[in-house]
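Chain residues, written in single-letter form:
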Amino acid sequence: MMGPMMTTPPMPSMSSMSSTPPPPHHGAFFGATPLWRTFLPAGRLRTFIAILLFLQLISFFIIHAIFADAPSHHRLNSAYRDELATELTHARLASSRASSRLQDALQAIHILHRALRDDGLRMIRAKELAERVHAVIDTIEHAEESSKSSHAASSSTTSSTRAPFERYSRKQLPPPQQQQPSHHPASNSINHLPTAPSLAPGFPPTHAGLPPLYCSDDDLENVAAGLSITPDPQTAIAAVVVVTHNRPDYLTKTLHSVQAAYDKDSNNLHDFPLYVSQDGHDQATRRVVVDAPEFKGRWGHLEHDQSEPVVYEKSARFEAESYYRISAHYRWFLHQLFECRGYSKVIILEDDMLVAADFFSYFRAASKLMDRDESLWCASSWNDNGKVPFAKVNDAVYRSEFFPGLGWMMKRETFLELAPEWPRAYWDDWMRLAKTRKGRECIRPEICRTYNIGEKGASKGQFFKTFLKDIRISAEPVDWERRLEDGQLDFLQPRQAYEIYFSNLISAAKPVSTVAQAQRTLGDVLLTYRSESDFVRIARSIGIFDEWKDGIPRTSWRGVVVFWLNDATRVFLAPSIDYI
């Protein structure tokens, strides 16, 4: 019996062999087919993908090599950035020269406009005075004719002769003919000082509707009778006024300090006549000025009437009344000294300020600098960053775009310009506005020539403990006039000379990136800030004033604040590339 017939499987065709998968590979992972064959297509596409993967691997190694050396590149970039910051700061100073020349041209135009305005005002006033004289003459002639008819008519006419004068009350400008001679002795009384012949004793009302200014017998009276020297506004360098209200203890210390500075030079009494302007009628304060035997006969006393009610701005708060009173008082006593007495300059001190021994020598030199340079609109004896160690060099002096105040001098022409726009309150902040400053600058010392003792006052001690209490006042007198004569202050004016001088200082400074790096560097260093908030951060970390007004930091010139970080490092804190 034959077994089952064995059959041979058919031979596969060539076509079926090409499409049939290879036999299983018993050593393969996860089955017979390798993973790379499963996911990668066959042929040229597989080769192309392999090349891409190879290129990605190479790029990975290249990027890794670059970032492995990143710190050195970062250091190079940081050094390059500091160098670029220095160069751009120089470029900014160079561009400021061009802008300053434009400002000088605008200032010249402004001076011409102001001169034309003053001439126009004098012509208008002269015409008004002539009309008043003709009116008085006509009235008197009419009165004489009427008196011949009857006594009643004469009486009626006499009353009419007073009519032209009655319309000028004490709150308005009285005509010059109305002023009566004083009863005080002519040899020792300030009220006999002649009014400047080219000036009318008054000023037009302001745009804000403030009361018109006036000169009367009471305002010209010197209640501290017995002056040893009669001041002459025509030969004096500047009048000095101590502003006070109701702080007799502070005023006493201030007057003792000023008197000690006067005694350093016998010419001071002639060159700097002293006045005390009192706001209101506080009797304790008045006794210090008038009755104190050590002060009697040393200065004139002015009293500002506070009877006018305060007219607030719409956004003002009631507790700001003192700032309204102060602003009105400043406007009033500046008018008295500039317009009624004819001084060419006035130095303003407050009743809580002590002065250095070379205070008057400093302002003698400053007066000459201001006369030579119209771009200097004030000179101050104060440095807001005058604390130790920020102030070091006793005879150093700078220009500043920020109005310092606190013992400062202004010119009569400046007041004539500012008086019609004088603010109702916060006069010092108004002086720091760009629209008021008009590109003009002040000079200030590195070490203060005044020291503020006023912890109590209208500002309620604001900034006193933080910034004012530790201010350094000069203890070694400097002969500022000799320095001026020797040419040691020529770099301050004109403004173009100071731009070159200051640019050279910054060029020689070493760029640093942080305050810590500045502390480790000797000499002058350049530290930059990138914004106002960045400046505030740096200033607070150091301890200097961080306040800005209308885009300008305190004490700065072209945005650069100069101070000593320690005995060996002077810092120029300047705006960086990002902030220019």
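A.B. asks: Can you break down the sheet that holds strand β14 (residues 523–529) residue by residue, with the values?
C.D. replies: With respect to topology, four strands assemble into an open sheet ordered β13-β14-β18-β17, the strand pairing being mixed. Taken across any chain shown, the strands that pair with only one partner, and hence form the sheet edges, are β13 (510–512) and β17 (561–566). Neighbour-to-neighbour, the strand axes of the sheet open up by a mean angle of 35°, direction not taken into account. As paired strands, β17 and strand β18 (residues 569–575) are joined by five bridges and run antiparallel to one another.

A.B. asks: Tell me about a nonpolar patch on the surface, residues and numbers included.
C.D. replies: On the surface, a nonpolar cluster with roughly 760 Å² of combined accessible area is contributed by Leu45, Phe48, Ile51, Leu52, Phe54, Leu55, Ile58 and Ile62. For Leu55, the location among the structural elements is in helix α3 (residues 44–68). According to the relative accessible area criterion, Leu55 is partly exposed, its value standing at 47%.

A.B. asks: Go over the state of the cysteines, please, and point to the residues and values.
C.D. replies: A complete count under the given rule lists two disulfides for this structure. Covalently, Cys215 is tied to Cys340 through a disulfide, its sulfur atoms 1.6 Å apart. Around the S-S axis, the bridge from Cys215 to Cys340 shows a dihedral of about -80° and counts as left-handed. Taken as a pair, Cys215 in the loop between β2 (213–214) and α7 (217–220) and Cys340 in helix α11 (residues 321–340) lie far apart in primary sequence, 125 residues in all. Neither residue differs from the other here; Cys215 and Cys340 are each classed as buried. The disulfide bridge from Cys378 ends at Cys442, spanning 1.9 Å between sulfur atoms. Across the S-S bond linking Cys378 and Cys442, the dihedral sits near 115°, which makes this disulfide right-handed. In this pair, Cys378 sits in strand β8 (residues 376–380) while Cys442 sits in strand β11 (residues 441–445), placing the two residues 64 residues apart along the sequence. For the pair formed by Cys378 and Cys442, the shared burial category is buried. Here the disulfide map of the protein reads 1-2, 3-4, the bonded cysteines being numbered as they appear in the sequence.

A.B. asks: For the packing of aromatic side chains, give the residues involved together with the corresponding values.
C.D. replies: For any pair of aromatic rings, the description consists of the separation of the ring centres together with the inter-plane angle of the planes. Going through the model one piece at a time under the given rule, you end up with 29 aromatic pairs. Ring centres 5.6 Å apart and planes at 25° place the aromatic pair Phe338 and Phe415 in the stacked group. Of this pair, Phe338 sits in helix α11 while Phe415 is found in helix α13 (residues 412–418), placing the two residues 77 residues apart along the sequence. Here Phe338 matches Phe415 in class, with each residue buried. Summarising the aromatic geometry, the rings of Trp422 and Trp427 are spaced 6.3 Å apart at their centres and angled 15° between planes, so their arrangement reads as stacked. Grouping residues by exposure puts Trp422 and Trp427 together as buried. Taken together, Tyr330, Phe333, Phe338, Trp377, Phe403, Trp408, Phe415, Trp422, Trp427 and Trp430 form an aromatic cluster joined through their ring pairs. Between the NZ or CZ atom of Lys392 and the centre of the ring of Trp564, over which it lies, the distance is 4.3 Å. The ring of Phe545 is capped by Arg554, whose NZ or CZ atom sits 4.6 Å from the centre of that ring.

A.B. asks: Provide a residue-level description of the pattern of salt bridges, including the pertinent values.
C.D. replies: Think of it this way: side chains of opposite charge can pair up when their charged atoms draw near. All told, the structure shown has 29 salt bridges when counted by the stated rule. Salt-bridge contacts for Arg325 lead to Glu321; the nearest nitrogen and oxygen are separated by 3.3 Å. With a gap of four residues between them, Arg325 and Glu321 both fall in helix α11, about one helical turn apart. For Glu321, a relative accessible area of 26% translates into the label partly exposed. In this structure, Lys438 and Glu417 form a salt bridge, with 3.2 Å as the shortest nitrogen-oxygen distance. A residue pair is termed long-range when its members are at least 10 positions apart, and Lys438 in the loop between α15 (434–437) and β11 and Glu417 in helix α13 qualify at 21 residues. Here Lys438 falls in the partly exposed class, since its relative accessible area comes to 40%. In this structure Glu417 comes out as buried when scored by relative accessible area, which is 7%. Residues joined in a network through salt bridges with shared partners are Asp373, Arg399, Glu401, Glu441, Arg495, Glu499 and Arg558.

A.B. asks: Go over the sheet that holds β8 with me, naming the residues and quoting the values.
C.D. replies: In a beta sheet, neighbouring strands pair by backbone hydrogen bonds and run either parallel or antiparallel. Taken in spatial order, the eight strands of this open sheet run β5-β4-β3-β6-β10-β8-β11-β9, and their pairing is mixed. Only two strands of the sheet have a single neighbouring strand rather than two, namely β5 (300–304) and β9 (397–400). Direction aside, neighbouring strands of the sheet carry axes that sit 25° apart on average. Note that strand β3 (residues 239–244) and strand β4 (residues 274–279) share five bridges and pair parallel. The residue bridging Thr244 from the neighbouring strand is Gln278, located in β4.

A.B. asks: So what's going on with the packing of helix α8 (residues 248–262) against helix α10 (residues 283–290)? Residues and values would help.
C.D. replies: Look at α8 against α10: their axes get within 9 Å of each other, and the N-to-C directions meet at 20°. When the interaxial angle is binned, α8 and α10 end up roughly parallel. The handedness of the crossing between α8 and α10 is right-handed. On α10, the residues touching Pro248, Leu251, Thr252 and Leu255 of α8 are Ala284, Thr285, Val288 and Val289. Residue classes in the contact of α8 with α10 are distributed as six nonpolar, two polar and no charged.

A.B. asks: Go over unusual backbone geometry with me, naming the residues and quoting the values.
C.D. replies: Residue Pro389 is reached from Val388 by a cis peptide bond, and omega for that bond is 5°. Relative to the assigned elements, Pro389 resides in the loop between β8 and β9. Cis geometry marks the peptide bond from Gln493 to Pro494; its omega dihedral reads 0°. Phi at Lys438 is positive, roughly 55°, even though this residue is not glycine. Despite not being glycine, Thr555 shows a phi value in the positive range, around 70°.

A.B. asks: Now, about the nonpolar core: what can you tell me, with residues and values included?
C.D. replies: With 55 residues, the main nonpolar core has Phe272, Phe363, Phe502 and Phe572 as its most contacted residues. The biggest single contributor to this core is helix α12 (residues 359–372), with eight residues. Setting aside residues no more than four positions away along its own chain, Phe572 makes contact with Phe502, Leu505, Ile506, Ala509, Asp524, Val525, Leu526, Leu527, Val560, Val561 and Val562. Counting 29 residues, the second-largest nonpolar core is a separate cluster that includes Tyr330, Trp332, Phe338 and Met410.

Parameters at a glance
- Residues numbered from 1 in each chain as written.
- Predicted model: local features only at pLDDT ≥ 70, side-chain atom pairs only at ≥ 80, totals over all residues.
- Heavy atoms only, no water.
- Pairing = 2+ DSSP bridges.
- Helix = DSSP H or I, 4+ residues; strand = E, 2+ residues; numbered from the N terminus.
- Axes fitted to C-alpha atoms, helices over the stretch in contact; angles between N-to-C directions.
- Patch = residues over 30% accessible without salt bridge, like charges linked within 9 Å, V, L, I, M, F, W, Y side chains within 5 Å.
- Areas by Shrake-Rupley, 256 points an atom, 1.4 Å probe, with all protein chains shown as cover.
- Salt bridge = Lys/Arg side-chain N within 4 Å of Asp/Glu carboxyl O.
- Buried < 20%, exposed > 50% of the residue type's maximum accessible area, 1.4 Å probe, protein only.
- Disulfide = S-S within 2.5 Å.
- Phe/Tyr/Trp six-rings, centres within 6.5 Å; stacked < 30°, edge-to-face > 60°.
- Lys NZ or Arg CZ within 6 Å of the ring centre and 35° of its normal.
- Parallel < 35°, antiparallel > 145°, perpendicular 65-115°, else oblique.
- Left-handed = near helix turned anticlockwise from the far one by under 90°.
- Contact = heavy atoms within 4.5 Å.
- Nonpolar A, V, L, I, M, F, W, Y, C, P; charged D, E, K, R; others polar.
- Core = buried A, V, L, I, M, F, W, Y, C linked by side-chain atoms within 4.5 Å.

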